[in-house]
Structures are given as structure tokens and as C-alpha cells.
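# Summary of the model geometry
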Amino acid sequence: MRAMVLRQQSPAEQYPLQLEDLPLPTPKKGEVRVRVLVCGVCRTDLHIVEGDIHPPRLPLVPGHQVVGIVDALGDGVKDIREGDRVGVPWLYSTDGTCSYCLRGQENLCDAGRFTGFDANGGYAEALVVASARAYAISKSLSEEGAAPLLCAGVIGYRAFRLSNIPRDGRIILIGFGASAHLVLQLARHEGCEVYVMTRSAGHQSLARELGAAWVGSAEDQPPALADSAIVFAPAGGLVLNALRAVRKGGTVALAGITMSDIPPMPYDLLYPERIVRSVANSTHRDVREFLDLAAEVPIRASVQMFPLEQANEALLAMKHSKTEAAAVLKVA
Ligand SMILES: [Zn+2]
Ligand SMILES: [Zn+2]
């Protein structure tokens, strides 16, 4: 099968992913094989490829926003049939036995493994995954529209919930791309007023189109204080901008998997019971709930398609905010 393989981490400008022919994987007990139709390109993929975070081994096939068709079942799989259309998200497997798993915090599992990081992912014509981690995708969602929901959407959904935003509240989204443009639609559906801070003119106009009440850059002063903020951009300095933009008792949720250092700040900024919290991975429940909600709202991903062999170009476009909102690889 064709796959875009990472053998050595390097800047995306050096085209680190190479097209290779790999053997078709065989599903083991409890696993299914998914023939990949499309795979979303996530900022985390960029961090993996460029060496900001380190997978346990190389070579590796990245990609964790996979939509495809099940074409082979391992022993004992009862919940999925060949021909089912499924999505494969970031959380690949957990032990189910550690203290976190037992408390419903499987996103923090001590032995958590991740798609396209610990196991080969969807920048390829096929991958294998536990049947319990392959999620049915509603017929009302297109394959390319569903792909960005699987990480950008799910992590945005979790960040939105953990931002303690009241119904009809006001929320600020800082940094605007694959995740934020989906959260904006969710927030509007929930009756929230949404402010967006982003530098890119293209992203500013998309935010307006999707119903943002105010759009500016991180240096601008929004017209009113918000109840909550979500920081999507990986720049630690923005945490201070976010704290200044939320009211007393407000929450700032950090949705990125990496972030540059957060600068020192006067305690006054935090003292009036403002909360800063990170958001790490997501749970089974987050994925199921968000996929159902996205089909119901419906939430529409704004995507730019690239052929599989142009995965490097897709990563570069995302790195420089040149994509529409989400980049998706067309595999089959
Ligand atoms: Zn666990
Ligand atoms: Zn991701």
C-alpha cells in the first residue's frame, strides 16, 4: 500500500515525509483494518514531523483524523462489519485498568497510545485499529467534512466544555484554524456570542462568515470582557492576553499539545478567581458525543484537499496558515 512515511524528523520545508510502498497490515484479535478514504492534517502532525514531540519509534506513518471503510476483521470483532464507514481519532488505545481509566479520565491514561504516533496512522491506504476505537460516521457527514472533526473538532469540543462557558455566554477564541472554526459553529449553536483573535486576514473573514460578533488580532482590545477563552495558538504569551480578556472568575482553556513558555505575570491577573487549564487528548465519550452533535447541528468543516503524496505541502500550508481552515489528504 502507498504511505507517506516519516524516517527522520526535520522542518516541513525539507519535505520529511516520503512516499513508500508498505505491506498491507493485518488486523489482530479485536482489531479492524480500515481502508483510508481521507485523513485530516492536524497541527500535532506538524509537531511530530518537525520534532517538537517525539514518537517512540521511527519510521512512522502519521495521521489521526482518518475516515475510511472497514475491509477486514480480526478475531472476535462483533460490533463492526466489513463495509462500515468509520472514523479513527487520536486516542488509539488505553489499558483500561490504571487509576485514570477507572475514573473516566482515559485521556490521561498512563499507558495511552496514539494514532499516527505510537501506531501507524492514516497517511496511508490502510491502518489497523481496535474495533472499539473505530467510530461510525453519520451518513449526513461527507468523508472530507468528517475528517477534521476527529481531532480538531473533538479537542475543540472538550476545550469548549472545560472552558466553563455558560449557556448564552461570551467566549473568545484565540488563534483560528481547523479547531477554532468548528468550535465557533458549536458555540453559535449553543447561543454564545463569539469573539475571535487571529492575524490571518483569510481566517478573520471566515470567522465573520461563521458568525463571530467581533474579530481582531491578539493585540486588539475586544469590546467587552468574556466569560471564557480558548487559546488554540501555541504561543505562551497569548495566555496573558486571554486572562486580560476574561471577566473575574472566568476560565482560560489551552487546547494545544505544545506551547512556548508562558511569560511571568502579575498575580493580579489571576487573583480574581480566574482559571487557567490545559486540555489533553480526549475520551471515548468526547468523540461519540461530538460526532453526534456535529451531525445534528450540523457543523461544517471548511477544508482544503491535497492528494496523499502532497502531505508535505499540506503540512507547510497549515504551518503558514495558508489553508482555508483544515487541510485534508485524499487517499482513495
Ligand atoms: Zn489507563
Ligand atoms: Zn490532532
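Note: the structure precedes this text.
Note that the coordinates shown come from a computational prediction; the quantities given were computed from them, not determined experimentally. (Residues numbered from 1 in each chain as written. Chains lettered and ligands numbered in written order. Predicted model: local features only at pLDDT ≥ 70, side-chain atom pairs only at ≥ 80, totals over all residues. Heavy atoms only, no water.)

Here the focus is the packing of aromatic side chains. Tallied over the entire structure, the rule returns 5 aromatic pairs. Aromatic side chains Tyr 195 and Trp 214 sit 5.6 Å apart centroid to centroid with 65° between the ring planes, which places their arrangement in the edge-to-face category. With Tyr 195 in strand E11 (residues 193-197) and Trp 214 in strand E12 (residues 214-216), the pair connects residues that are 19 residues apart, well separated along the chain. Neither Tyr 195 nor Trp 214 differs from the other in exposure class; each is buried. A connected cluster of aromatic rings, assembled from ring pairs, spans Trp 90, Phe 114 and Phe 117. (Phe/Tyr/Trp six-rings, centres within 6.5 Å; stacked < 30°, edge-to-face > 60°. Helix = DSSP H or I, 4+ residues; strand = E, 2+ residues; numbered from the N terminus. Buried < 20%, exposed > 50% of the residue type's maximum accessible area, 1.4 Å probe, protein only.)

A few words now on the layout of surface pockets. Roughly 990 Å³ of internal volume is contained in the largest pocket. As for the largest pocket, its lining consists of 43 residues, and the residues nearest its centre are Arg 43, Gly 175, Phe 232, Ala 233 and Pro 234. When residues of the lining of the largest pocket are traced back to their parent elements, those giving at least two are helix H1 (43-50), helix H4 (152-162), helix H5 (178-189) and helix H9 (311-319). Among the residues making up the lining of the largest pocket, the classes are represented as 23 nonpolar, 16 polar and 4 charged. Estimates place the volume of the second largest pocket at around 260 Å³. The wall of the second largest pocket is formed by 16 residues, among which Glu 31, Tyr 92, Ser 93, Arg 113 and Ala 130 lie closest to the centre. Elements with a minimum of two residues in the lining of the second largest pocket: strand E6 (91-93) and strand E8 (126-130). (1 Å grid on protein atoms, 1.4 Å probe; cavity = no way out; pocket = protein on both sides within 12 Å on 5 of 7 lines; lining within 4 Å. Points joined across faces, edges and corners; volume = space filled by probe spheres on them. Nonpolar A, V, L, I, M, F, W, Y, C, P; charged D, E, K, R; others polar.)

Before going further, it helps to spend a moment on the nonpolar core. Judged by nonpolar contacts, the single largest core of 51 residues is most densely connected at Leu 17, Val 32, Val 41, Tyr 123, Leu 315 and Leu 329. Per-element accounting of this core gives the leading share, 6 residues, to H9. The next biggest cluster of nonpolar side chains, apart from the first, holds 49 residues, and it includes Tyr 135, Leu 184, Ala 294 and Val 328. (Core = buried A, V, L, I, M, F, W, Y, C linked by side-chain atoms within 4.5 Å.)

This part is about the coordination of the zinc ion (ligand 2). Bound to the zinc ion (ligand 2) are the protein donor atoms Cys 42 (SG), His 64 (NE2) and Cys 151 (SG), situated 2.0 to 2.2 Å from the metal. Within one chain, the residues serving as donors to the zinc ion (ligand 2) are arranged as C-x21-H-x86-C. In this pair, Cys 42 sits in the loop between strand E3 (31-41) and H1 while Cys 151 sits in the loop between helix H3 (143-146) and H4, placing the two residues 109 residues apart along the sequence. Here Cys 42 falls in the buried class, since its relative accessible area comes to 9%. On the basis of relative accessibility, which here comes to 10%, the residue Cys 151 falls in the buried class. (Donors = N, O, S within 2.8 Å, 3.2 Å for Na, K, Ca; no water.)

Turning to the side chain of Ser 163, a few remarks are in order. Considering the arrangement of structural elements, one finds Ser 163 in the loop between H4 and strand E10 (170-174). Taking relative accessible area as the criterion, Ser 163 reaches 0% and is therefore assigned buried. Side-chain polar atoms of Ser 163 contact the backbone oxygen of Phe 160, separated by 2.8 Å. Contacts of Ser 163, omitting those with residues within four sequence positions, involve Ile 171, Ser 228, Ile 230, Thr 251 and Ala 253. (Polar contact = N/O pair within 3.5 Å; in protein donor to acceptor, adjacent residues only side chain to side chain. Contact = heavy atoms within 4.5 Å.)

What follows is about the coordination of the zinc ion (ligand 1). Within the protein, Asp 95 (OD), Cys 98 (SG), Cys 101 (SG) and Cys 109 (SG) serve as the donor atoms for the zinc ion (ligand 1), at 2.0 to 2.3 Å. With 4 donor atoms in place around the zinc ion (ligand 1) and angles of 96 to 117° between them, the coordination shape is tetrahedral. Ordering the donors of the zinc ion (ligand 1) by residue number gives the pattern D-x2-C-x2-C-x7-C. Summarising the burial analysis for this pair, Cys 101 and Cys 109 share the class buried. (Tetrahedral: all angles 85-135°; square planar, octahedral: opposite > 155°, others 65-115°.)

The next point concerns the sheet that holds E10. The strand order across the open sheet formed by 6 strands is E12-E11-E10-E13-E14-E15, and the pairing between neighbours is parallel. In this open sheet, the two edge strands, each paired with only one partner strand, are E12 and strand E15 (275-278). With strand direction ignored, the average angle separating the axes of adjacent strands in the sheet is 15°. Of the pairings in the sheet, the one linking E11 to E12 comprises 3 bridges and is parallel in character. (Pairing = 2+ DSSP bridges. Axes fitted to C-alpha atoms, helices over the stretch in contact; angles between N-to-C directions.)

What follows deals with the environment of Leu 329. Tracing the backbone through its elements, the reader meets Leu 329 in strand E17 (residues 326-330). On a C-alpha basis, the gap between Leu 329 and Arg 133 in space is 21 Å, while along the polypeptide they are 196 residues apart.

Turning to helix H7 (residues 238-245), a few remarks are in order. Buried residues dominate H7, accounting for 7 of its 8 residues. All buried positions along H7 are accounted for by Leu 238, Val 239, Leu 240, Asn 241, Ala 242, Leu 243 and Ala 245. Elements that come into contact with the buried residues of H7 comprise E10, strand E13 (226-231), strand E14 (246-254) and E15.

Evaluated as defined, the whole model comprises 16 salt bridges. The residue Glu 106 makes a salt bridge to Arg 133 at a minimum N-O spacing of 3.0 Å. Of this pair, Glu 106 sits in the loop between helix H2 (99-102) and strand E7 (113-114) while Arg 133 sits in the loop between E8 and strand E9 (135-136), placing them 27 residues apart in sequence. Note on Glu 106: relative accessible area 14%, which makes it buried. Arg 288 is the partner of Asp 292 in a salt bridge, and the nearest nitrogen-oxygen pair spans 3.1 Å. Here the residue Asp 292 and the residue Arg 288 both occupy positions in helix H8 (residues 284-296), the gap between them amounting to 4 residues, near one helical turn. The partly exposed category is assigned to Asp 292, whose relative accessible area is 42%. On the accessibility criterion, Arg 288 (28% relative accessible area) is partly exposed. If you follow the salt bridges from partner to partner, you end up with Arg 2, Glu 125 and Glu 309 in one network. (Salt bridge = Lys/Arg side-chain N within 4 Å of Asp/Glu carboxyl O.)

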